[in-house]
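Survey of secondary and tertiary structure
Each chain, letter by letter, is given below.
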Amino acid sequence: QVQLVESGGGLVQAGGSLRLSCAASGRTFSTYSMGWFRQAPGKERDFVAAIRSKTNTTYYADSVKGRFTISRDNAKNTMYLQMNSLKPEDTAVYYCAARPGYSFSVQSAGSFNYWGQGTQVTVSS
């Protein structure tokens, strides 16, 4: 089992940047595929980005491609989401997610077993 804790959210002006972190407990972080999802008020939880274990292949939602970068540091048991050129429509609670292995659909929230508590990102216009 793994526990996830997000940090790095906050209030930023449009065009600004934030870096989210997701710290994971346990010794087997490297074997987990990881993802970022976000949920705005009244909306469903949407895929943002993911990174597979073993291959470190990355995936992005079209809405963030070219602006966001997902990465992981297995030595620190931490995943990151660098968010640049932020837009008001990026405002949401951002959640990190984890699942052991790498052979599953990482774009689907239902694929992930473990979730953090979320961190609020607010982008003002």
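For the structure itself, consult the block above.
Here is a short report on the structure shown in this document. Just so you know, these numbers come straight off a predicted model, no measurement behind them.

A separate point is the sheet that holds strand 7 (residues 68-73). Paired through their backbone hydrogen bonds, the strands of a sheet run either parallel or antiparallel. With antiparallel pairing, the 4 strands of this open sheet are ordered in space as 1-3-8-7. In the strand order of this sheet, the two ends are held by strand 1 (4-7) and strand 7, each with one partner. Sheet twist, expressed as the mean angle between neighbouring strand axes with direction ignored, is 15 degrees. In terms of strand pairing, strand 1 meets strand 3 (residues 18-24) through 4 bridges, oriented antiparallel. The partner of Val-5 across the bridge, within strand 3, is Ala-23.

The subject of this paragraph is the side chain of Ser-21. Checked against the element boundaries, Ser-21 lands in strand 3. Excluding anything up to four places from it in sequence, Ser-21 contacts Val-5, Glu-6, Ser-7, Trp-36, Thr-78, Met-79 and Tyr-80.

Right, let's talk about the nonpolar core for a bit. Met-34, Trp-36, Met-79, Leu-81, Met-83 and Tyr-94 are the most contacted members of the largest nonpolar core, which has 36 residues in total. Broken down by secondary-structure element, the contributors of at least two residues to this core are strand 3, strand 4 (32-39), strand 5 (45-51), strand 7, strand 8 (78-83), strand 9 (92-100) and strand 11 (119-124). For Met-83, the residues in contact, after removing those within four places along its chain, are Gly-16, Ser-17, Leu-18, Leu-20, Arg-67, Phe-68, Tyr-94 and Val-121.

The subject of this paragraph is the pattern of salt bridges. Considering all chains together, one arrives at 3 salt bridges under this definition. The residue Asp-90 makes a salt bridge to Arg-38 at a minimum N-O spacing of 2.9 Å. A residue pair is termed long-range when its members are at least 10 positions apart, and Asp-90 in the loop between strand 8 and strand 9 and Arg-38 in strand 4 qualify at 52 residues. In this pair, the class of Asp-90 matches that of Arg-38, namely buried. Close ionic contact of Asp-90 with Arg-67 constitutes a salt bridge, the shortest N to O distance being 2.8 Å. With Asp-90 in the loop between strand 8 and strand 9 and Arg-67 in the loop between strand 6 (58-60) and strand 7, this residue pair connects regions lying 23 residues apart in the sequence.

Here we take up the pairing of strand 9. By the bridge criterion, 8 bridges tie strand 4 to strand 9 in an arrangement that is antiparallel. Bridge pairing in strand 9 places Gly-35 opposite Ala-97. Alignment of strand 9 against strand 11, held across 3 bridges, turns out to be antiparallel. In the strand pairing of strand 11, Tyr-94 is matched with Thr-119. Sheet topology note: the strand 9/strand 10 (residues 114-115) ladder contains 2 bridges and is antiparallel. Directly across from Ala-97, in strand 10, lies its bridge partner Trp-115.

Thresholds, definitions, all that
Residues numbered from 1 in each chain as written. Predicted model: local features only at pLDDT ≥ 70, side-chain atom pairs only at ≥ 80, totals over all residues. Heavy atoms only, no water. Pairing = 2+ DSSP bridges. Helix = DSSP H or I, 4+ residues; strand = E, 2+ residues; numbered from the N terminus. Axes fitted to C-alpha atoms, helices over the stretch in contact; angles between N-to-C directions. Contact = heavy atoms within 4.5 Å. Core = buried A, V, L, I, M, F, W, Y, C linked by side-chain atoms within 4.5 Å. Buried < 20%, exposed > 50% of the residue type's maximum accessible area, 1.4 Å probe, protein only. Salt bridge = Lys/Arg side-chain N within 4 Å of Asp/Glu carboxyl O.

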